[in-house]
Amino acid sequence: MHGEQAHGGPDAGHPSGGPAGAAPQGDWPAGYPAGYPVVESDRLTRFVQRAHARTPRWVAPLAAVGCVAAGIGYTLISDPTRSAPDALPTCLLKLTTGLDCPGCGGTRALWYVLHADLPAAARHHFLFVFALPFLAYLFVAWAGRQAFGWRLPELRIGPKLIGGFLAAWLAFSVVRNLPWPPFTALYV
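Residues numbered from 1 in each chain as written. Predicted model: local features only at pLDDT ≥ 70, side-chain atom pairs only at ≥ 80, totals over all residues. Heavy atoms only, no water.

A. Region of interest: the environment of C101. Tracing the backbone shows C101 in the loop between α4 (92-97) and α5 (106-114). When the C-alpha atoms of C101 and C91 are compared, they prove to be 7.8 Å apart, with 10 residues separating the residues in sequence. Not counting residues up to four positions away in its chain, the partners in contact with C101 are C91, L93 and R176. (Helix = DSSP H or I, 4+ residues; strand = E, 2+ residues; numbered from the N terminus. Contact = heavy atoms within 4.5 Å.)

B. Just a positive patch on the surface, in detail. Together, R43, R46, R50 and R54 make up a region of like positive charge exposed at the surface. One can find R46 in helix α2 (residues 43-54). (Patch = residues over 30% accessible without salt bridge, like charges linked within 9 Å, V, L, I, M, F, W, Y side chains within 5 Å. Areas by Shrake-Rupley, 256 points an atom, 1.4 Å probe, with all protein chains shown as cover. Salt bridge = Lys/Arg side-chain N within 4 Å of Asp/Glu carboxyl O. Lys, Arg positive; Asp, Glu negative; His and termini not counted. Charge placed at Lys NZ, Arg CZ, Asp CG, Glu CD.)

C. Inspection of unusual backbone geometry at higher detail. Cis geometry marks the peptide bond from P181 to P182; its omega dihedral reads 5 degrees. With respect to the helices, strands and loops of the structure, P182 is situated in the segment after α8 (159-175). In the Ramachandran plot, D79 falls in the positive-phi region, its phi being about 45 degrees despite a non-glycine side chain. Structurally, D79 can be placed in the loop between α3 (59-78) and α4. On the basis of relative accessibility, which here comes to 15%, the residue D79 falls in the buried class. Of note in the backbone geometry, A116 takes a positive phi value of approximately 60 degrees without being a glycine. (Buried < 20%, exposed > 50% of the residue type's maximum accessible area, 1.4 Å probe, protein only.)

D. Focus on the nonpolar core. Of all hydrophobic cores here, the largest spans 6 residues; its members are A109, W111, Y112, A120, A121 and V129. Counting only elements with at least two residues in this core, the list comes to α5 and α6 (118-124). Ranked by the residues each element gives to this core, the list is headed by α5, at 3 residues. Setting aside anything within four residues of it in sequence, one finds A109 in contact with A121, H124, H125, F128 and V129. (Core = buried A, V, L, I, M, F, W, Y, C linked by side-chain atoms within 4.5 Å.)

E. Spotlight on the packing of helix α7 (residues 126-148) against α8. Taken N-terminus to C-terminus, the directions of α7 and α8 make an angle of 155 degrees; their axes are 10 Å apart at the nearest point. It follows that α7 is roughly antiparallel to α8 by the angle criterion. Residues F126, L127, F130 and A131 of α7 pack against F165, A168, W169 and F172 of α8. Taken together, the residues of the contact of α7 with α8 sort by class into 8 nonpolar, no polar and no charged. (Axes fitted to C-alpha atoms, helices over the stretch in contact; angles between N-to-C directions. Parallel < 35°, antiparallel > 145°, perpendicular 65-115°, else oblique. Nonpolar A, V, L, I, M, F, W, Y, C, P; charged D, E, K, R; others polar.)

F. Spatial organisation of the side chain of N177. The residue N177 is located in the segment after α8 in this model. For N177, the residues in contact, after removing those within four places along its chain, are L99, D100 and Y187.

G. How the structure looks around the environment of K94. Tracing the backbone shows K94 in helix α4. Taking the relative accessible area as the measure of exposure, K94 reaches 24% and is therefore partly exposed. In this structure, K94 is in contact with L99, D100, C104, Y187 and V188, ignoring residues within four places of it in sequence.

H. Here's a closer look at the packing of aromatic side chains. In the structure shown here, the tally under the stated rule is 5 aromatic pairs. When the ring of F139 is compared with that of W142, the centres are 5.9 Å apart and the planes differ by 45 degrees; the resulting orientation is tilted. Here F139 pairs with W142, and both are found in helix α7, just 3 residues apart, close to one helical turn. Taking the relative accessible area as the measure of exposure, F139 reaches 27% and is therefore partly exposed. The class of W142 is partly exposed, set by a relative accessible area of 28%. (Phe/Tyr/Trp six-rings, centres within 6.5 Å; stacked < 30°, edge-to-face > 60°.)

It is worth stressing that arrangement in space is one thing and function is another; only the former is reported here.
Here it is as structure tokens:
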């Protein structure tokens, strides 16, 4: 009984279910420590919460599509395959060290994917080309569920798979910077 009284159990002696002087438990899980005051939200937080409550479900997917479209538009307009190596914007790691970073070649790979040249895209960033269909499916499944309530089959991506992909990406990033053949073919 003593434990229930200390944590706002049924015998706590206060109409709200908590000890005298404590805030009502409301949505807090059972066992929430008594004595913490309920913090009033500031105006910005209340504004964001009201805006979130009033926003239609399709706004977040539409905003994400807009960001993806902006990235694709930038890639198509800038034509990264014809840019000078020091053209802005540039990769800071490559500019300072001469090494390819883990993302180097990704924009050029996207440009080649958009022009249906998968071998050239894979030459610039193989892992990007490999991951692109999975990322596209995950996005369509998420956006469809958010905007239209679709229930597409889920890809089960666990921590081990993510860790393996990140390890492969790290290995790819190291191997593509090795200065002897056949690894020099991966340098972009």
